[in-house]
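# Geometric and topological summary
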Amino acid sequence: MSRSRMTFRAEEARQVLWGRCLEEADATGALVPVQVRAHASRQANGPDDAAFLVRRAALVSEALPPELKSPSAKVETWLNRLPAWSPWALLAGALAFGWITGGLGPGHVISILSFPLLGLIVWNLTVVFASLWSEFKSRRSPKAPPTAFRRIPGTDGLTAAKGEYLARVAAWEKPAQAARLKYLFHAAAIALALGVVTGMYVRGLAVEYNVRWESTFLSEGHVRNLTRMVLGPASLLTGIPVPEPGTPVSETGRKILASAAPWIHLWAATAGLFILIPRLILINMARREAARAQPDFKAEFSSWLAVCRSMVNGQTHQAAILPVHYEPEPRVRDAIRLLLQHHWGAQVSADFLPP
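Please read these numbers as outputs of a predicted model, since none were measured by experiment.

A separate point is the nonpolar core. General note: in soluble globular proteins, nonpolar side chains tend to be found buried as a group. With 34 residues, the main nonpolar core has F8, L53 and F301 as its most contacted residues. Of all the secondary structure elements, the ones that give two or more residues to this core are α1 (10–25), α2 (34–44), α3 (49–62), α8 (157–206) and α11 (297–310). Ranked by residue count, the leading element in this core is α1, at 7 residues. In this structure, F8 is in contact with A13, V16, A50, L53, V54, F297 and F301, ignoring residues within four places of it in sequence. By size, the runner-up hydrophobic cluster in this structure holds 30 residues, among which are V197, W213, V223 and V242.

A separate point is a nonpolar patch on the surface. Taken together, F217, L218, L226 and M229 make up a surface patch of nonpolar side chains, about 450 Å² in accessible area. Mapped onto the elements, M229 comes out in helix α9 (residues 220–238). Accessibility expressed as a relative area gives 61% for M229, which makes it exposed.

Positive phi values are uncommon outside glycine, yet H325 reaches one of about 55°. Owing to a relative accessible area of 81%, H325 belongs among the exposed residues under this scheme.

This paragraph deals with the packing of α9 against helix α10 (residues 261–292). Two measures define how a pair of helices packs: the angle their axes make with one another and the distance between the axes. It is the contact of α9 with α10, at a shortest axis distance of 8 Å, that shows an interaxial angle of 85°. Regarding the angle of α9 to α10, the classification is roughly perpendicular. Residues T227, V230, L231, P233, A234, S235, L237 and T238 of α9 lie in contact with α10, whose contacting residues are W263, L266, W267, A269, T270, L273 and F274. Along the lines of polarity and charge, the residues of the contact of α9 with α10 split into 11 nonpolar, 4 polar and no charged.

How each quantity is defined
- Residues numbered from 1 in each chain as written.
- Predicted model: local features only at pLDDT ≥ 70, side-chain atom pairs only at ≥ 80, totals over all residues.
- Heavy atoms only, no water.
- Core = buried A, V, L, I, M, F, W, Y, C linked by side-chain atoms within 4.5 Å.
- Buried < 20%, exposed > 50% of the residue type's maximum accessible area, 1.4 Å probe, protein only.
- Helix = DSSP H or I, 4+ residues; strand = E, 2+ residues; numbered from the N terminus.
- Contact = heavy atoms within 4.5 Å.
- Patch = residues over 30% accessible without salt bridge, like charges linked within 9 Å, V, L, I, M, F, W, Y side chains within 5 Å.
- Areas by Shrake-Rupley, 256 points an atom, 1.4 Å probe, with all protein chains shown as cover.
- Salt bridge = Lys/Arg side-chain N within 4 Å of Asp/Glu carboxyl O.
- Axes fitted to C-alpha atoms, helices over the stretch in contact; angles between N-to-C directions.
- Parallel < 35°, antiparallel > 145°, perpendicular 65-115°, else oblique.
- Nonpolar A, V, L, I, M, F, W, Y, C, P; charged D, E, K, R; others polar.

Structure, rendered in structure tokens:
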């Protein structure tokens, strides 16, 4: 049983993982001699399990040649290859795109039924409901175990250790990267909405806009009910009543209202209610998901900890292996030794009896 919470810094966890992968792939002790492993366990012995594994990995690394101290290959994903400024560039681009596309309409006239924010609000609500449903489904379904690295027969120990290391680190980083992508996606949606709202107010400062509505299928009553349903929550929040959509003021009889100001205020408040607040909630969920995505080091290293602890007191095990009508090849013997060392420690010996 672990006597600590097994907390590591990222660099420490990777160093411990590399030592584990290297020793487990080196069944014969050609890369990491058994004496080095046992000496490191005795020197690093202490009550704290995490500190013990970190100290032991450092001691083993000191006794190894430079090419074995750390893996030469690094875990690379398309997200890691992006420059550090790329998230800020995405947010700035979304803000600028919202500013450009959030025009209030030609001729200083805005259509109530094709307001710049209407489609954006509908799209955001769809994404919010889809995100919540996906989160609900993911919490109810069991987590799939990470894909194990398959060692190709004949592969040398160092190559196998690197393959296992890269597979494990990728499994550690994948959930956190997915959470960061969600975080950035929701932040970009907020920036887009802010660009639209800001553009409306800036344009409204310099130009007087009016509103109208035209529809082949909707009557004045339908438009009134629709605007009250959509803008009603914002009206309750701001105290601005939803204007009547059907009072003509022009000599041509077209349904044009005197000022678009109350409509702009109500649509901006509606964007805050149905875009800003839901997206902030989803951002917080993504932040918590990223925190939960940290590897469970206790589950990851508990069996390895038992192997390393077994070397502190010099415990040895001997296994007598009896082949039946079969002479194991050297690579098969190495694989069997690897399994034995994984379960009982590096000091286990395998005695192959005649078939």
